[in-house]
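What follows is each chain in one-letter form.
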Amino acid sequence: MGLSNGIPFLDLVSPHVELEAEFTAVFHKVLRSAMFIGGPTVENFEREFASFCDARFAVGVSSGTDALRFALLAAGIRKGDSVLTVPNTFIATTEAISQADALPEFVDIDEGTYNMNPACLRQYLETQCDPDRRTGLRISRRTGRPVSAVVPVHLYGQMCDMDAILDIAEEYNLIVVEDACQAHGAKYFSAKDKTWKKAGSVGVAAAFSFYPGKNLGACGEAGAVTTNSEQIARHIKMIRDHGQAKKYYHDVEGYNGRLDALQAGLLQVKLKHLAQWNEQRRARAAFYGQLLAPLSESVILPVEPSWSHGVYHLYVIRTSDREELQAHLSSRSIGTAIHYPIPLHLQKAYRGLGYRAGDFPVAESVAPQILSVPMYAQLQLEQQESVAKAIGDFVASRHSAFVMSAGI
Ligand SMILES: *Cc1c(COP(=O)(O)O)cnc(C)c1O
């Protein structure tokens, strides 16, 4: 792509241009079969995606948000339950919890990985909840509701510390639904089972988004739930399609939440390249790490624990001068974004939950500092050098400004 006009935050054109002939063939096939919803294309994609995730089943749905909502419903979250997640995530995580008639509650994140801190999860269950002998669940003191599930979010393409989270979940009878919407292909080394596990294969169910900008993106809206439970897979197939197992015979009320055949066919084409694209993202992350290492006093780089094999959906750096750095990069035509500027517990939409500033100190302290810089498989090494040079120049100018103002 002609990138002479700077470095975009995301390039959704190049990967699609390369595959245009295959995409066009998919469109012709779908057009001529008129199988627009469901059918063999959807089923084939589901099989291939399940296999990619090392899960027994994948069920295609209309978005990542629907995937999360359906996963929670099918996994057995009941009306009035409390579901624990983190404040540093996209609002879809908590929207899905609310739409499953449950209430989101938060625990803080780890400062290194920005993912759920298992110690905070344990502490919440131990010190802020009371045991309910009748159900074996914990009752949240804040809300008086039973805590029935936890949604670890594998943010930025890196999995949460799942051994620890699964242990806690087992101890407190929590259903684990992974939000894997940013983590297609990410892996976690389970020291307990002595094996690498893929995102989407460790919880009772997991939600994936195929929003165009995700590591595997559709040319429109799409999502999927993965699970090893045949019962959950069957339940989701029913609720994504108006609660019917057979046409016009409705066992329950469901939703219009299906994956269409055109998106499934396009996703099949892209899925073949996903492993390689993920490796390219990892290589680019390693190169950024090399280029930015000399700036480590001013810029905090992503942390990848030895048990993690991240797929760098985003490359997120941290600095105390975030707004200025973002403006400086923008002046050099380098695109950036912030994921996410306001932790969910402080969003206007969640005023009703009754949280206050100070409730989640780690999430609150990183939110004003994080900055996502360009990261995609097609990113060129010279482009990365330009990004690193721009960041380096910024750090140098801030440093000399500081030296001058301090009168040194
Ligand atoms: C993208 C995303 C979602 C929602 O996916 P949609 O397909 O946009 O509905 C949910 N959770 C996280 C963490 C995401 O990044």
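Residues numbered from 1 in each chain as written. Predicted model: local features only at pLDDT ≥ 70, side-chain atom pairs only at ≥ 80, totals over all residues. Heavy atoms only, no water.

**Q** An account of empty space enclosed by the protein is requested, with residue identities and associated values reported.
**A** Going through the model one piece at a time under the given rule, you end up with two cavities of 30 Å³ or more. Here the largest cavity is characterised by a volume of approximately 160 Å³. In this structure, the largest cavity is lined by 16 residues; those nearest its centre are Pro 15, Lys 214, Asn 215, Arg 281 and Gln 378. Elements with a contribution of two residues or more to the lining of the largest cavity: helix H1 (14-18) and helix H9 (261-292). In terms of residues, the lining of the largest cavity owes the most to one element, H9, which gives three residues. Here the lining of the largest cavity is built from residues that sort into seven nonpolar, five polar and four charged. (1 Å grid on protein atoms, 1.4 Å probe; cavity = no way out; pocket = protein on both sides within 12 Å on 5 of 7 lines; lining within 4 Å. Points joined across faces, edges and corners; volume = space filled by probe spheres on them. Helix = DSSP H or I, 4+ residues; strand = E, 2+ residues; numbered from the N terminus. Nonpolar A, V, L, I, M, F, W, Y, C, P; charged D, E, K, R; others polar.)

**Q** So what's going on with the nonpolar core? Residues and values would help.
**A** Residues Phe 45, Phe 49, Leu 121, Leu 125 and Phe 210 are the most contacted members of the largest nonpolar core, which totals 73 residues. In terms of domain composition, this core takes at least three residues from each of domain 1 (13-270) and domain 2 (275-406). Once you skip the residues sitting within four places of it in the chain, Phe 45 turns out to touch Phe 210, Leu 216, Leu 259, Ala 264, Leu 267, Gln 268 and Leu 271. Counting residues in hydrophobic clusters, the runner-up holds 27 residues, among them Val 59, Leu 68, Ile 77 and Ile 236. (Core = buried A, V, L, I, M, F, W, Y, C linked by side-chain atoms within 4.5 Å. Buried < 20%, exposed > 50% of the residue type's maximum accessible area, 1.4 Å probe, protein only. Domains from an automatic or database assignment. Contact = heavy atoms within 4.5 Å.)

**Q** Let's hear about the domain arrangement of the protein chain: which residues, and what values?
**A** Per the domain assignment, the segments making up the protein chain are domain 1 (13-270) and domain 2 (275-406). Of note, the centres of domain 1 and domain 2, computed from C-alpha atoms alone, are 26 Å apart. For the pairing of domain 1 and domain 2, the buried interface totals around 3,500 Å² over both sides, and the portion due to carbon and sulfur atoms is 60%. Across the pair Arg 318 and Glu 111 runs a salt bridge whose closest N-O atoms are separated by 2.9 Å. Here domain 1 and domain 2 share 22 residue pairs in polar contact (both at pLDDT 80 or more) between them. A per-element tally of the side of domain 1 that touches domain 2 places strand S3 (residues 103-106) first, with four residues. (Buried area = accessible area lost by both parts, 1.4 Å probe. Salt bridge = Lys/Arg side-chain N within 4 Å of Asp/Glu carboxyl O. Polar contact = N/O pair within 3.5 Å; in protein donor to acceptor, adjacent residues only side chain to side chain.)

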